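Remarks on the overall topology
Residues per chain are reported as follows:
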Amino acid sequence: STQTSDKPARNTTAWWREADRKHHLSPFTDYKQLKESEAGARIVTRAEGVWLTDSEGVRILDGMAGLWCVNVGYGRKELAEAAYKQMLELPYYNTFFKTATPPPVELAEKLAEITPAGLDMVFYGSSGSESNDTVARLARFYWKLKGKPEKAHFISRTYAYHGSTMAAASLGGMTPMQEGYGLPLPGFHHVDPPYWFDFGGELDREEFGRQAAKQVEDKILEIGPDKVAAFIGEPIQGAGGVIIPPDSYWPEIQRICRQYDVLLVADEVICGFGRTGYMFASEHFGIEPDMMTMAKGITSGYIPLSGVMVSGEIGRTLVEAGGEFFHGYTYSGHPTACAVALANIDIIEREELVRKVREETGPHLAKRLAELAEHPIVGEVRSLGLIGALEIVQKKRPRTRFPGNGKAGTICRDHCFAHNVVLRAVRDGMVMAPPLTISTEEIDELVSRLRTCLDLTAKDLGAG
Ligand code: PMP
């Protein structure tokens, strides 16, 4: 630890930036770039509704709900009070060794009620990564109990994001997270995503969706159906660029998994808890998952919590076959986190946020985005509920990207940053997922700022 005499005053932007620069390793960061930059990190100090405030008092429209998680918006006293009350009563106790506490079991019952039919038991963790790691171990354990221990391989998609731990990053399909990190682990296989805009060429969307699904069938046959444990997918691939599959895709995946006795796992970490205008996106796409992972929106990000829901068949097998599942986390079923989740679900239900997203704010966002589709550098807009994306192109037909492999997206993202609206760039796409409490006026504001930034981006790229 170092102490210098010319340190800036405590609790100022300069002080936080210096402490951040010297002592903090933040996730997904190029440390050279951040630590040696003049500006340093933006320090966010408060938030209310959909508006962040930084340490200089600047108000920023959060078009990403934090990291796709603050579903009920910032500043909800009920959630703070639920945590406070539970912490005074019983801040922590474990759920190992034939013990439980009230909040995780009450939440388990609630989750069985609100998740898709057939899912009725939950295994808790504290993050999406942990829950997807749980899936990898639970699927292998399940097949062992069924007398098929060789069913141990997993299939997922490129551009998938399932987390940063070793198994979750293996399930994921982000090559930069794998190359040089000894990943994917053995037994993890990938097929192409149902991403019509980049991979569909001249194919009709629905035909492309069927072909993308067929890749899963081909991969199962290549590995051998008796060796494949599960297929995992986000109903809409979020971090990979808000890839909304053609309607033909998921029913085919469902059919293929059933046919070859492969477990179907839906990663609803982003899509769950109302994001798409359904409590879970599986309902919209007609997915009947054998397992389903949840995190983020389960507490609206106010406190870490995640879970894996399992089907009746898996639950029955675990109970009837017996044998210990050697897996669990200190914070599995954390009482304070579960109490916050219950209060959060209560808000979602009481304020009818899912219906509002489906019938009001989701369609409003779609309408406003459709206007942006006319912009000279916009090749496509797409959204479902309050998750959406826009593709930046040099030429609309045939779909042609700007040179630079993500450069256009970064330029647009930086303009958004400067115009105090948080949106994310994924390659040359701009993605958004605001809190589900966003008003139609705030959606207008978000889209209007985005339009300004697209104009500036076009100018920078000599296309304006
Ligand atoms: N699955 C999906 C679909 C995600 O988007 C994320 C996080 N962005 C994760 C899993 C991992 O969650 P966590 O960061 O909480 O580990």
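The name an unreviewed UniProt entry gives the chain is Putrescine aminotransferase, with Tistlia consotensis USBA 355 as the organism. Listed in UniProt under the heading Cofactor (unreviewed entry), the comment for the chain reads: "pyridoxal 5'-phosphate". In the Sequence similarities (unreviewed entry) part of its UniProt record, the chain is described as follows: "Belongs to the class-III pyridoxal-phosphate-dependent aminotransferase family."

**What to know about the overall build of the chain**
Within the chain one finds 17 helices and 15 strands. In terms of overall dimensions, the chain is globule-like: its C-alpha atoms have a radius of gyration of 22 Å, near the 23 Å expected for 464 residues. Oriented by its inertia axes, the alpha-carbon framework of the chain measures out at about 60 × 60 × 45 Å. By residue count, 47% of the 464 residues in the chain fall in the buried class.

**Some details on the environment of Phe96**
Looking at the secondary structure, you find Phe96 in the loop between helix H4 (77-89) and helix H5 (102-114). A tally of 12 C-beta atoms within 10 Å means that Phe96 is categorised as exposed.

**Observations concerning helix H14 (residues 335-350)**
A turn of α-helix holds 3.6 residues, and therefore any two residues three or four places apart point the same way. Over its 16 residues, H14 runs 22 Å from end to end, which matches the ideal 22 Å to within 8%, given 1.5 Å per residue. Considered for burial, the residues of H14 that qualify are Pro335, Thr336, Ala337, Cys338, Ala339, Val340, Ala341, Ala343, Asn344, Ile345 and Ile348. Those residues of H14 hidden inside the fold are in contact with H4, H5 and helix H15 (353-372). Downstream of H14 by one or two residues, Glu352 has phi in the positive range, about 50 degrees.

**Quick word on the confidence of the model for the chain**
Taken as a whole, the chain shows an average pLDDT of 97; of its residues, 99% reach a score of 70 or greater. Interface confidence in the predicted complex, given as ipTM, is 1.00; pTM for the same model is 0.98.

**Details of the domain arrangement of the chain**
The domains assigned to the chain are domain 1 (42-72 + 352-460) and domain 2 (77-350). Here domain 1 and domain 2 have C-alpha centroids that lie 26 Å from each other. Each partner contributes residues to the interface: domain 1 has 27 residues there, and domain 2 has 22 residues. Secondary-structure elements contributing two or more residues to the side of domain 1 that touches domain 2 are helix H3 (65-68), H15, strand E11 (378-384), strand E12 (387-392) and strand E15 (429-432). Top element by residues in the side of domain 1 that touches domain 2 is H15. It accounts for 5 residues.

**Quick word on unusual backbone geometry**
At the junction of Leu183 and Pro184, the peptide bond is cis and its omega measures out at 0 degrees in the coordinates. The linkage connecting Arg397 with the following residue, Pro398, adopts the cis geometry, with an omega of -10 degrees. Within the fold, Pro398 resides in the loop between E12 and helix H16 (407-418). Of note, the phi angle at Ala65 is positive, near 50 degrees, even though the residue is not glycine. Relative to the elements of secondary structure, Ala65 occurs in helix H3. Its 29 C-beta neighbours within 10 Å are what place Ala65 among the buried residues. Positioned with a positive phi, Tyr159 is a non-glycine residue whose angle comes to about 70 degrees. Mapped onto the elements, Tyr159 comes out in the loop between strand E5 (153-157) and helix H7 (166-171). Note on Tyr159: 25 C-beta atoms within 10 Å, which makes it buried.

Parameters and conventions
- Residues numbered from 1 in each chain as written.
- Predicted model: local features only at pLDDT ≥ 70, side-chain atom pairs only at ≥ 80, totals over all residues.
- UniProt positions renumbered as here; feature names shortened; annotations may be inferred.
- Helix = DSSP H or I, 4+ residues; strand = E, 2+ residues; numbered from the N terminus.
- Rg over C-alpha atoms; globule rule 2.2 N^0.38 Å.
- Buried ≥ 20, exposed ≤ 12 C-beta atoms within 10 Å, placed from the backbone.
- Expected span 1.5 Å × (residues − 1).
- Contact = placed C-beta atoms within 7 Å.
- pLDDT = per-residue confidence, 0-100.
- Domains from an automatic or database assignment.

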